[in-house]
Amino acid sequence: FQEQIWVRLDGSEFHTEVAATKLVYDGMPTVQTVVRDITVRKRAEELQLGQNRILNMVATGIELVEILNAIALFIESQSEHGLCSILLLDPDGSTLSNGISPSLPDTFRREIDGLLVAPASGSCGTAIFRAEPVIVTDIAHDPVWATCRNLALRHGLKACSSWPIFGKNRKLLGTIALYFREVMAPTARDLQLFSVYANLAGIAIESRASEERIRYLAHYDGLTSLPNRFLFKEFLDLALRNAQRHGKQFAVFFLDLDKFKDINDTLGHEAGDQVLRETATRLRGCLRQTDKIARMGGDEFYILIEDLEDGRYAAEVAQKLLEEA
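Here the structure is a predicted model, which is why all the values come from computation and not from measurement.

Peer 1: When you look at the overall build of the protein in this model, what are you seeing that I'm missing?
Peer 2: Check the secondary structure of the protein and you find ten helices and twelve strands. For the protein, whose C-alpha radius of gyration is 30 Å, the value lies well above the compact-globule estimate of 20 Å for 325 residues. Taken along the three principal axes of its C-alpha coordinates, the protein extends 110 × 50 × 45 Å. Here the protein, with 325 residues, has 40% of them falling under the buried criterion. Across the protein, every contact between residues at least 6 apart in sequence was considered, and the portion connecting residues at least 24 apart equals 51%. When the accessible area of the protein is evaluated, it comes to approximately 18700 Å², of which 53% is carbon and sulfur surface. Between the averaged position of the 36 positive side-chain charges in the protein and that of its 45 negative side-chain charges there is a distance of 2 Å.

Structural data, given as structure tokens:
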């Protein structure tokens, strides 16, 4: 058997499996040829290989933008006419941005950055608003595109179907869309790509978000968002090296809250947490942008003032900190 790509009379290509067998027919040497259309099988194999490649990228720590770009390019390679776009839902849930659109015009990609989540906000904005797929076969006349119709038509985009990207517990993360330069609906093949790769995109996005959260918590306090003791140690080590090499002065303050345990015991830990957040905000407001403040744990805070030219400034800062805390 040999696999080949054949061309139909209408110009479309399809995968075939060809087998040739030598025979003797009516006393003459003959070749019997059997041709079988294996397009469905080959597409299933390609789909599986594509999935495996994306999952391997997720597992090996490839950057999210590169993974999403690979997803978009694969979808385009499997879709006969579609131009893929992937948008991420911003943390506040009101806009879509950070678009991955390898084949769409750059100007269009920039113009849809920050797309509102709302009804009639194109296929993608509406898909997030409804939390369901939105298929638009004719942008020029579909009310879903009422607010941004001219933007798409100006770039020759006449149809667009968008699928929400869901994470765990159906958390909305973004959209995958296919744009078409003709008035048309997505094919059955396109719908299959949406169902598979929207799920893969969700896995990739959540995986990277978890890693970023872990990295964040390794250096920052989850309650106050201040640097933690480990990051503060790095700041202090750097300040010591600068002082040794360049003769620069710095100051370190240690501050804890009086009777903080009484707040937790009488009003509860939620009230105590609110006090810590408010204290962190007030202390930060006493400092320059270049000064460092960290929560060391419990009710303890450390402050580092670098490039200290006059010790009086340190005394002034200490007084401000006492007044605010």
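Read on for the rest.
Peer 1: Looking at this structure, I do not really get the side chain of N228. What am I missing?
Peer 2: The topology assignment puts N228 in the loop between α6 (188-219) and α7 (229-246). Here the side chain of N228 touches F230 through a polar contact of 3.1 Å, landing on its backbone nitrogen. Leaving out residues up to four positions away in the same chain, N228 has contacts with L217, A218, H219, Y220, D221, A294 and R295.

Peer 1: I tried to follow the environment of L88 on my own but got confused; where do I start?
Peer 2: You can see L88 is positioned in strand β4 (residues 83-89). For L88, a relative accessible area of 15% corresponds to the buried category. Put simply, L88 and G99 are eleven residues apart on the chain and 6.8 Å apart in space, counted from C-alpha to C-alpha. The contact partners of L88, leaving out residues within four places of it in the chain, are L64, L68, T95, L96, S97, N98, L173, G174 and I205.

Peer 1: Sorry, what's going on with the sheet that holds strand β9 (residues 172-180) here?
Peer 2: Within a sheet, adjacent strands bond to each other through the backbone by hydrogen bonds, running parallel or antiparallel. Sheet architecture is open: six strands sit in the order β6-β5-β4-β9-β8-β7, paired in antiparallel fashion. Each having just a single partner strand, β6 (115-116) and β7 (134-136) make up the two edges of the open sheet. The strands touched by helix α2 (residues 64-78) are β4, β5 (95-100) and β9; relative to β4, the strand with the most contacts, the crossing angle is about 150°.

Peer 1: What exactly am I supposed to notice about the sheet that holds strand β10 (residues 251-256) here?
Peer 2: Ordered in space as β10-β12-β11, the three strands form an open sheet in which the pairing is antiparallel. In this open sheet, the two strands that pair with only one neighbour each are β10 and β11 (292-297). Within this sheet the neighbouring strands show an average axis-to-axis angle of 20°, counted without direction. Contacts between helix α9 (residues 269-285) and the sheet are confined to β10, β11 and β12 (300-305), with β12 contributing the most and set at about 15° to the helix.

Peer 1: Sorry, what's going on with the nonpolar core here?
Peer 2: One broad rule of soluble globular proteins: the nonpolar side chains tend to lie buried together. Formed by 33 residues in total, the largest nonpolar core has its most connected members in I54, L68, I71, I75, I86, I176 and Y197. Contributing elements (two or more residues each) for this core: α1 (39-59), α2, β4, β8 (159-166), β9 and α6. With nine residues, α6 is the largest single contributor of residues to this core. Setting aside residues up to four positions removed in sequence, I71 forms contacts with I54, I86, I176, Y197, L200 and A201. With 23 residues, the next largest nonpolar core counts L96, V117, V134 and I139 among its residues.

Peer 1: Looking at this model, I keep getting lost on the environment of F260. Mind explaining?
Peer 2: On the secondary structure map, F260 appears in helix α8 (residues 260-267). On the basis of relative accessible area, F260 is assigned to the buried category, the value being 9%. Sequence separation between F260 and G272 is twelve residues, and the spatial gap between their C-alpha atoms is 7.4 Å. Look past the residues within four positions of F260 in its chain and what remains in contact with it is G272, V275, L276 and D299.

What counts and what doesn't
Residues numbered from 1 in each chain as written. Predicted model: local features only at pLDDT ≥ 70, side-chain atom pairs only at ≥ 80, totals over all residues. Heavy atoms only, no water. Helix = DSSP H or I, 4+ residues; strand = E, 2+ residues; numbered from the N terminus. Rg over C-alpha atoms; globule rule 2.2 N^0.38 Å. Buried < 20%, exposed > 50% of the residue type's maximum accessible area, 1.4 Å probe, protein only. Contact = heavy atoms within 4.5 Å. Areas by Shrake-Rupley, 256 points an atom, 1.4 Å probe, with all protein chains shown as cover. Lys, Arg positive; Asp, Glu negative; His and termini not counted. Charge placed at Lys NZ, Arg CZ, Asp CG, Glu CD. Polar contact = N/O pair within 3.5 Å; in protein donor to acceptor, adjacent residues only side chain to side chain. Pairing = 2+ DSSP bridges. Axes fitted to C-alpha atoms, helices over the stretch in contact; angles between N-to-C directions. Core = buried A, V, L, I, M, F, W, Y, C linked by side-chain atoms within 4.5 Å.

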